[in-house]
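# Overview (structure and organization)
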Amino acid sequence: MFFPTAGIEVSFWVPPLVAFGVSFFASMGGISGAFLLLPFQMSILGYVNPSVSATNQVFNVVAIPSGVYRYVKEGRMVWPLAWAVIVGTLPGVFIGAIIRVAYLPNARTFKLFVACVLAYIGLRLVQGLLKKTTGNTAVAERKFQDAAKRGCGTDANESCAKVIQFNVTRLVYEFHGEVFDVSTIGIFTLSFVVGIVGGVYGIGGGAIIAPFFVSVFGLPIYTVAGAALMGTFVTSIAGVTFYQAIAPFYPTMSVAPDWGLGILFGIGGMVGMYFGARCQKHVPAKTIKWMLACVILSTATKYAFDFFQ
């Protein structure tokens, strides 16, 4: 099957199959899997045009709703956290899209950029994992795991993250008897910065911020995943729209998404993300974090090696 915008030929079943596998595991950590599909498209499929970023965001738009549905159904969507991410990342995504087209059209340079982003995320995750987790985050995650083993935590009434306070300065919520208090301004500022990176990278911004919520703000992974995916979904809609809108201004460059390829990836991701979100409660938090750290750092190493060859 030939995809004209991407300029590649691949069997129609390959994109959804790969997306299913990636999304199943990545969605457990609040990441859509787009950050892993990017190197697959660039290194395996040979899709290195700037439009690969926009195609990645089409995948997000199609795939994410199923995962968000599961987290909402299980009462683990912290909506104020999601709104703070969305408001912060949206302007950054637009800035990132311009940077990608104007300053990072070269595939080799872009690979180095991707390697740096992934390496930073991975190292932050490892740093958090190596610390002894004895605070309220670890307690809440253990309580949630115990509830899941007893067959609880399958609907909103059994495993609800309850918002206590939300305003321009603080977000406070309770999860399994433990209270988490974070700065709303801090979340917004961080979201804006990673929104720029996410706009360049083609993953909406929310995916990058999930590890920050875990390692910097100390929030439990079981409440972060839904909010991060929701933020990625909304900002990806904005990113796709923006890339499509600016495409006419770059007639000699492939900027608009390859809709056919993005939708095929999205179909596989939609199924994988649903089951990943559903199975997350049965997987220990530390296992999820180590899995993400290993995949992210190995991908970063490969891209850095490719650049210096």
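Keep in mind that what you see is a predicted model, and the values were worked out from it rather than measured. (Residues numbered from 1 in each chain as written. Predicted model: local features only at pLDDT ≥ 70, side-chain atom pairs only at ≥ 80, totals over all residues. Heavy atoms only, no water.)

## Some thoughts on the overall build of the protein
Scanning the protein for helices and strands turns up eleven helices and five strands. In terms of C-alpha radius of gyration, the protein reaches 18 Å, essentially the compact-globule figure of 19 Å for 309 residues. Dimensions of the protein, computed from the C-alpha atoms along their principal axes, are close to 55 × 40 × 35 Å. Here the protein holds 309 residues, and the buried ones make up 56% of them. Looking at the protein alone, contacts between residues at least 24 apart form 80% of all its contacts between residues at least 6 apart. With the model as given, the accessible surface of the protein reaches about 12100 Å², and the carbon-plus-sulfur share is 69%. The centroid of the 20 positive side-chain charges in the protein is displaced by 6 Å from the centroid of its 11 negative side-chain charges. (Helix = DSSP H or I, 4+ residues; strand = E, 2+ residues; numbered from the N terminus. Rg over C-alpha atoms; globule rule 2.2 N^0.38 Å. Buried < 20%, exposed > 50% of the residue type's maximum accessible area, 1.4 Å probe, protein only. Contact = heavy atoms within 4.5 Å. Areas by Shrake-Rupley, 256 points an atom, 1.4 Å probe, with all protein chains shown as cover. Lys, Arg positive; Asp, Glu negative; His and termini not counted. Charge placed at Lys NZ, Arg CZ, Asp CG, Glu CD.)

## Details of the sheet that holds strand 4 (residues 170–175)
The strands that make up a sheet are held in pairs by hydrogen bonds between backbone atoms, and each pair lies either parallel or antiparallel. Strand order in the open sheet formed by three strands is 3-4-5, and the pairing between neighbours is antiparallel. Both edges of this open sheet fall to strand 3 (161–166) and strand 5 (178–183), since each of them pairs with a single strand only. Looking at each pair of strands side by side, their axes are set apart by 20° on average, direction ignored. When strand 3 meets strand 4, the two strands line up antiparallel, connected through five bridges. Bridging across to strand 4, K162 finds its partner in E174. (Pairing = 2+ DSSP bridges. Axes fitted to C-alpha atoms, helices over the stretch in contact; angles between N-to-C directions.)

## Here we look at the state of the cysteines
Tallied over the full model, the rule gives zero disulfides. No disulfide involves C116; its nearest neighbouring cysteine sulfur is the one of C294, lying 20 Å away. (Disulfide = S-S within 2.5 Å.)

## Describing the packing of helix 3 (residues 51–73) against helix 10 (residues 259–279)
Here helix 3 crosses helix 10 at 25°, and the two axes come no closer than 7 Å. One element, helix 3, and the other, helix 10, form an angle in the roughly parallel class. Two packed elements cross with a definite hand, and for helix 3 against helix 10 that hand is right-handed. Considered class by class, the residues forming the contact of helix 3 with helix 10 number 16 nonpolar, six polar and two charged. (Parallel < 35°, antiparallel > 145°, perpendicular 65-115°, else oblique. Left-handed = near helix turned anticlockwise from the far one by under 90°. Nonpolar A, V, L, I, M, F, W, Y, C, P; charged D, E, K, R; others polar.)

## Points about the packing of aromatic side chains
Following the criterion strictly, the structure yields ten aromatic pairs and no others. Look at F24 and F25: their rings are 5.0 Å apart centre to centre, the planes differ by 85°, and that puts the pair in the edge-to-face class. Classification of F24 by relative accessible area gives buried; the value is 18%. Their ring planes at 90° and their centres at 5.3 Å tell us that Y274 and F275 sit as a pair that is edge-to-face. Classification of F275 by relative accessible area gives partly exposed; the value is 39%. Members of the aromatic cluster, connected to one another through ring pairs, are F20, F24 and F25. (Phe/Tyr/Trp six-rings, centres within 6.5 Å; stacked < 30°, edge-to-face > 60°.)

## Some remarks on the pairing of strand 5
Burial along strand 5 is one-sided: the residues E178, F180 and V182 are buried and none of V179, D181 and S183 is. By the bridge criterion, six bridges tie strand 4 to strand 5 in an arrangement that is antiparallel. Bridge assignment links E174 to a residue of strand 5, and that residue is V179. Between strand 4 and strand 5, which follow one another and run antiparallel, lie two residues, and H176 among them has a positive phi close to 50°.

## Points about the confidence of the model for the protein
Mean pLDDT for the protein: 84, with 92% of residues reaching 70 or above. Mean pLDDT across the elements of the protein bottoms out in helix 8 (residues 206–215) (75) and peaks in helix 10 (95). (pLDDT = per-residue confidence, 0-100.)

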